[in-house]
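Commentary on secondary and tertiary structure
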Amino acid sequence: FAGAVQAVLGELDAAKIDPRRHPDFGWAWLTRFLMNLSYSISTMYLLYYLTDAVHYEGDADNGVLILTALNALTLLSTVVISGIRSDRSGRRKSYVIWSGLVISAATLLLAVWQTRTGAIVASLVLGLGSGVYTAVDFALTAVFLHSGQVCSAGARLIVEDSLHDAFVDEVVRR
């Protein structure tokens, strides 16, 4: 048993990544952590916000369901749109900054507009910003953080030169 524990600890130690030696990974991890933390906090306390700040009339559980569905609707629609646009433009940083500002605006809306309408608008805005961030975050992770070990960029095929012609012929044939 002690040998198995030692082996697991050795594997965990080998898996550590120093963000000073790999700053891209460090920044990606930090921004993903902070964005997911802010999103989780805003959705986790939504029930308390509706009951205590908004004084939601009716079943607050249903209010949370409605706001979460609206949030998901805008999140899913902006994931697709912003993913396509960021892929075509090749620009990622501006999307990440913009999405962070939009998410901050949603939080500000919740703080200053404590009504049912304000909660609906903030939920839609939060979904908008989160969708943009999610699309670009996945693209950045897939394209840049693997450093050539794997190819997970769905819009590209990487084929060795010696296999290129046969590969293209086979793809065209199918």
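Whatever comes next refers back to the structure up there.
Below or above, wherever it landed, is the structure these notes cover. Everything numeric here is computed off the predicted structure, so don't read it as measured data.

Regarding its fold elements, the protein presents seven helices and zero strands. In sequence order, the secondary structure elements of the protein are arranged as α-α-α-α-α-α-α. Evaluated residue by residue, the protein yields a buried proportion of 25% over its 174 residues. For the protein, the share of sequence-separated contacts (at least 6 apart) that also reach a separation of at least 24 residues comes to 65%. In the form shown here, the protein has an accessible surface area of approximately 12300 Å², with 65% of it arising from carbon and sulfur atoms.

This next bit is on the side chain of Ser-86. Turning to its location among the elements, Ser-86 is positioned in helix α4 (residues 60-89). At 3.3 Å, the side chain of Ser-86 and the backbone oxygen of Gly-83 are in polar contact. Setting aside residues no more than four positions away along its own chain, Ser-86 makes contact with Arg-91, Arg-92, Tyr-95 and Val-136.

Scanning the entire structure with this criterion turns up three salt bridges. Its salt-bridge partner being Asp-137, residue Arg-32 comes within 2.7 Å of it at the nearest N-O pair. Of this pair, Arg-32 sits in helix α2 (residues 23-44) while Asp-137 sits in helix α6 (residues 116-144), placing them 105 residues apart in sequence.

Looking at the secondary structure, you find Ser-123 in helix α6. Given the relative accessible area of 8%, Ser-123 is considered buried. Ignoring any residue separated from it by four or fewer positions in sequence, one finds Ser-123 in contact with Leu-67, Asn-71 and Thr-74.

The next point concerns the packing of aromatic side chains. Applying the stated criterion across every chain yields a total of one aromatic pair. The interplanar angle of 45 degrees and the centroid separation of 6.0 Å between the aromatic rings of Tyr-45 and Tyr-48 together place this pair among those described as tilted.

Of all hydrophobic cores here, the largest spans ten residues; its members are Leu-46, Tyr-49, Leu-50, Val-54, Tyr-56, Ala-60, Leu-67, Leu-110, Ala-119 and Ala-122. For this core, the secondary-structure elements that each account for two or more residues are α3 (46-53), α4 and α6. Considering each element in turn, this core owes the most residues, three residues, to α3. With sequence-adjacent residues up to four places away left out, Tyr-56 is seen in contact with Leu-50, Gly-63, Ile-66 and Arg-116.

It is worth spelling out the environment of Tyr-45 at this point. Structurally, Tyr-45 is set in the loop between α2 and α3. By relative accessible area, Tyr-45 is classed as partly exposed at 44%. When the C-alpha atoms of Tyr-45 and Val-64 are compared, they prove to be 9.8 Å apart, with 19 residues separating the residues in sequence.

Another aspect to go through is unusual backbone geometry. A positive phi angle, near 55 degrees, is found at His-55, a position not held by glycine. In this structure, His-55 sits in the loop between α3 and α4.

Turning to the packing of α3 against α4, a few remarks are in order. With their axes 9 Å apart at the nearest point, α3 and α4 run at an angle of 125 degrees to one another. With respect to α4, the axis of α3 lies oblique. Where α3 crosses over α4, the two elements pack in a sense that is right-handed. Contacts between α3 and α4 involve Leu-46, Leu-47, Leu-50 and Thr-51 on the former and, on the latter, Ala-60, Asp-61, Gly-63, Val-64, Leu-67 and Thr-68. Residue classes in the contact of α3 with α4 are distributed as six nonpolar, three polar and one charged.

Our focus in this paragraph is the environment of Asp-137. Taking the relative accessible area as the measure of exposure, Asp-137 reaches 7% and is therefore buried. Spatially, the C-alpha atoms of Asp-137 and Tyr-95 are 9.4 Å apart, while their sequence positions differ by 42 residues. In this structure the side chain of Asp-137 is engaged in a polar contact, spanning 2.7 Å, whose partner is the side chain of Arg-32.

Conventions and cut-offs
Residues numbered from 1 in each chain as written. Predicted model: local features only at pLDDT ≥ 70, side-chain atom pairs only at ≥ 80, totals over all residues. Heavy atoms only, no water. Helix = DSSP H or I, 4+ residues; strand = E, 2+ residues; numbered from the N terminus. Buried < 20%, exposed > 50% of the residue type's maximum accessible area, 1.4 Å probe, protein only. Contact = heavy atoms within 4.5 Å. Areas by Shrake-Rupley, 256 points an atom, 1.4 Å probe, with all protein chains shown as cover. Polar contact = N/O pair within 3.5 Å; in protein donor to acceptor, adjacent residues only side chain to side chain. Salt bridge = Lys/Arg side-chain N within 4 Å of Asp/Glu carboxyl O. Phe/Tyr/Trp six-rings, centres within 6.5 Å; stacked < 30°, edge-to-face > 60°. Core = buried A, V, L, I, M, F, W, Y, C linked by side-chain atoms within 4.5 Å. Axes fitted to C-alpha atoms, helices over the stretch in contact; angles between N-to-C directions. Parallel < 35°, antiparallel > 145°, perpendicular 65-115°, else oblique. Left-handed = near helix turned anticlockwise from the far one by under 90°. Nonpolar A, V, L, I, M, F, W, Y, C, P; charged D, E, K, R; others polar.

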